[in-house]
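What follows is each chain in one-letter form.
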Amino acid sequence: MPTYLHGLATTVPEPHYTQEWACELMQRHATERRGVRRVIRSIYRNSGIEKRHSVIDDWGETGAAPVFFQDEDTLLPTPDTYTRNQVYTQEGRRLFEALARSVVEAAPGFEAEDITHVVTISCTGFFAPGPDYHVVRALGLPGSTQRYHLGFMGCYAAFQGLRMAQAFCLADPDAVVLVLSLELCTLHLRFTENTDDLIAGAVFADGGAGALVSAQKPRDPEGGTPILALDAFHSALIPEGEGDMAWTVGNEGFQMKLSTYVPELIQANLGAVVQKLLEGSGEGTGGVDHWAIHPGGRAILDRAQETMGLEPDALAASRSVLRQFGNMSSATILFVLKEMISSGGLAHGESILALAFGPGLTVEAGILRVVSDPPH
């Protein structure tokens, strides 16, 4: 029994900054050493990113207490984890609730009252009652609504949310599962000379995405917007990369690690992971029509393209999301799928092979199929 993604929607905080501006800011406040400043310029200019969105609005007119800066761009004392998480709690709740409403509005034929399960995903902050609770309240859902939160898994977690939703739908054909992913990565910005901190500060951004997952057939009577059917999934671990992509809770925010070896590790192992997925689904590499790869960074996309022998435009959606939004952790792969739908280049029956990478080093892969014809 197939399950479908309905009402795929995305959201970002209003404040946004160009990569060029962020590069200059980081150079001024992270170091006075010329050599390190050259490294910063190289990281930012080769990131493949033009702008990123952030809940940090220290330069805005919101009246909120500044977190990192005051008096134009004078650096405040380093905010502790409590201070950062307070912003996450306030902004995360607001954005989760707004995203939930957007998903319902974008799903033809569905109403909030149809939702039976809520799955929320985030790794950039904590509060309880959590976002799942507040989404149920915001949508006016009954207290009996099943709700779950997937936390601290990282960039691959959207796949876990989709797999969980698919399992619910296979167990109950009437289930309608709201899956929401929201990450506020920029709250953990650190001004240091540490290379991992510099890389994280150059690529991570804020954003959220979600969809309804249901076994019910697409309800768009005009068939105007393609719907994606969840087909097959595969998980793999690359244990030698356990220390190359990780993070922990520190006294001054979450300490992220994204080493320069990650692209090489992905390149060395990606082919075998994809082959396992294709074998399990009965597909061959020639049967893949589109590729949706999590843009963890430009080098990751470059290595994946080279390893899989893809044409330059095969990762256009991934590179576009990286360029416009940066790496929004778990939400990013859903942005890529939304970009592919919006581009108008999908045809009924075509397949999409989606990939994301996270701590572990964990690789999550899935095959989705395009459904654009209205049901008969």
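Look up a bit, the structure's there.
The structure contained in this document is the topic of the report that follows. (Residues numbered from 1 in each chain as written. Predicted model: local features only at pLDDT ≥ 70, side-chain atom pairs only at ≥ 80, totals over all residues. Heavy atoms only, no water.)

Focus: the overall build of the chain
- Looking only at helices and strands, the chain features 10 helices and 15 strands.
- Over its C-alpha atoms the chain spans a radius of gyration of 20 Å, differing by no more than 12% from the 21 Å that the globule rule assigns to 376 residues.
- Counting only C-alpha atoms, the chain reaches 65 × 50 × 35 Å along its principal axes.
- For the chain, the residues scored as buried account for 57% of the 376 residues in total.
- Nonlocal contacts in the chain, meaning residues at least 24 apart in sequence, comprise 78% of its contacts between residues at least 6 apart.
- Summing over all exposed atoms, the chain offers an accessible surface of approximately 15900 Å²; the carbon and sulfur share of this is 48%.
- Computing the positive centroid from 27 side-chain charges and the negative centroid from 45, the chain places the two 5 Å apart. (Helix = DSSP H or I, 4+ residues; strand = E, 2+ residues; numbered from the N terminus. Rg over C-alpha atoms; globule rule 2.2 N^0.38 Å. Buried < 20%, exposed > 50% of the residue type's maximum accessible area, 1.4 Å probe, protein only. Contact = heavy atoms within 4.5 Å. Areas by Shrake-Rupley, 256 points an atom, 1.4 Å probe, with all protein chains shown as cover. Lys, Arg positive; Asp, Glu negative; His and termini not counted. Charge placed at Lys NZ, Arg CZ, Asp CG, Glu CD.)

Topic: the packing of helix 9 (residues 316-325) against helix 10 (residues 332-343)
- For the pair helix 9 and helix 10, interaxial distance at closest approach is 9 Å and the crossing angle is 120 degrees. The hand of the helix 9/helix 10 crossing is right-handed. In this structure, helix 9 contributes Ala317, Ser318, Ser320, Val321, Gln324 and Phe325 to the contact, and helix 10 contributes Thr332, Phe335, Val336, Glu339 and Met340.
- The residue makeup of the contact of helix 9 with helix 10, split by class, is six nonpolar, four polar and one charged. (Axes fitted to C-alpha atoms, helices over the stretch in contact; angles between N-to-C directions. Left-handed = near helix turned anticlockwise from the far one by under 90°. Nonpolar A, V, L, I, M, F, W, Y, C, P; charged D, E, K, R; others polar.)

Here's the deal with the pairing of strand 15 (residues 362-371)
- With nine of 10 residues buried, strand 15 lies mostly within the body of the structure.
- Pairing analysis gives 10 bridges linking strand 10 (residues 227-237) to strand 15, with the strands arranged antiparallel. The residue of strand 15 that forms the bridge with serine 235 is glutamate 364.
- Pairing analysis gives eight bridges linking strand 14 (residues 351-358) to strand 15, with the strands arranged antiparallel. (Pairing = 2+ DSSP bridges.)

Observations regarding the side chain of glutamate 364
- One can find glutamate 364 in strand 15.
- Contact partners of glutamate 364, with chain neighbours within four places excluded, come to Tyr156, Phe159, Gln160, Arg163, His234, Ser235, Ala354, Leu355 and Ala356.

Points about the environment of arginine 38
- Of note, arginine 38 is situated in helix 2 (residues 34-45).
- Each C-alpha atom, one on arginine 38 and one on alanine 138, is 47 Å from the other, the two residues being 100 residues apart in sequence.

Brief notes about the pattern of salt bridges
- Enumeration over the complete set of coordinates arrives at 11 salt bridges.
- Across the salt bridge formed by glutamate 91 and arginine 94, the nearest N and O atoms sit 2.6 Å from each other. Separated by three residues within a single helix, glutamate 91 and arginine 94 lie in helix 3 (residues 81-105), roughly one turn from each other.
- Put simply, aspartate 231 and arginine 369 hold a salt bridge, and the shortest N to O gap is 3.1 Å. Pair noted here: aspartate 231 is in strand 10 and arginine 369 is in strand 15, with a separation of 138 residues, a long-range link.
- For aspartate 231, a relative accessible area of 36% corresponds to the partly exposed category.
- Judged by its relative accessible area of 25%, arginine 369 falls in the partly exposed class. (Salt bridge = Lys/Arg side-chain N within 4 Å of Asp/Glu carboxyl O.)

As for the packing of helix 1 (residues 19-30) against helix 2
- Interhelical geometry of helix 1 versus helix 2 gives an angle of 160 degrees and a closest axis separation of 10 Å. By the angle class used here, helix 1 and helix 2 are roughly antiparallel. The element helix 1 and its partner helix 2 pack so that their crossing is right-handed. For the pair formed by helix 1 and helix 2, the contact residues are Gln19, Ala22, Cys23, Met26, Gln27, Arg28 and Ala30 on the first element and Arg37, Ile40, Arg41 and Tyr44 on the second.
- Its residues placed into classes, the contact of helix 1 with helix 2 shows six nonpolar, two polar and three charged. (Parallel < 35°, antiparallel > 145°, perpendicular 65-115°, else oblique.)

Some details on helix 4 (residues 131-138)
- Those residues of helix 4 lying buried are Pro131, Asp132, His134, Val135 and Val136.
- Here the buried face of helix 4 lies against helix 3, strand 6 (117-122), strand 7 (146-151) and strand 8 (176-184).
- The positive-phi residue at the C-terminal boundary of helix 4 is glycine 140, with phi of around 70 degrees.

Quick notes on helix 1
- Across its 12 residues, helix 1 extends 16 Å between first and last C-alpha, which sits within 8% of the 16 Å expected from 1.5 Å per residue.
- Turning to helix 1, its buried residues are Gln19, Ala22, Cys23, Leu25, Met26, Gln27 and Ala30.
- Buried residues in helix 1 make contact with strand 2 (16-18), helix 2, strand 3 (51-53), strand 4 (69-70) and helix 6 (195-203). (Expected span 1.5 Å × (residues − 1).)

What to know about the nonpolar core
- The biggest cluster of nonpolar side chains holds 85 residues, and the ones touching the most others in it are Ile115, Leu139, Leu178, Trp291 and Leu355.
- Ignoring sequence-local partners within four residues, the contact set of leucine 355 consists of Phe159, Leu270, Val274, Trp291, Ala292, Ile293, His294, Ile333, Val363, Glu364 and Ala365.
- In this structure, Ala165, Leu230, Val336 and Val370 belong to the second largest nonpolar core, which totals 43 residues. (Core = buried A, V, L, I, M, F, W, Y, C linked by side-chain atoms within 4.5 Å.)

What to know about unusual backbone geometry
- Cis geometry marks the peptide bond from alanine 128 to proline 129; its omega dihedral reads 0 degrees.
- Inspection of the secondary structure puts proline 129 in the loop between strand 6 and helix 4.
- Of note, the amide linkage connecting glycine 360 to leucine 361 takes the cis form, showing an omega dihedral of -5 degrees.
- Along the chain, leucine 361 falls in the loop between strand 14 and strand 15.
- Although it is not a glycine, phenylalanine 152 sits at a positive phi angle of roughly 60 degrees.

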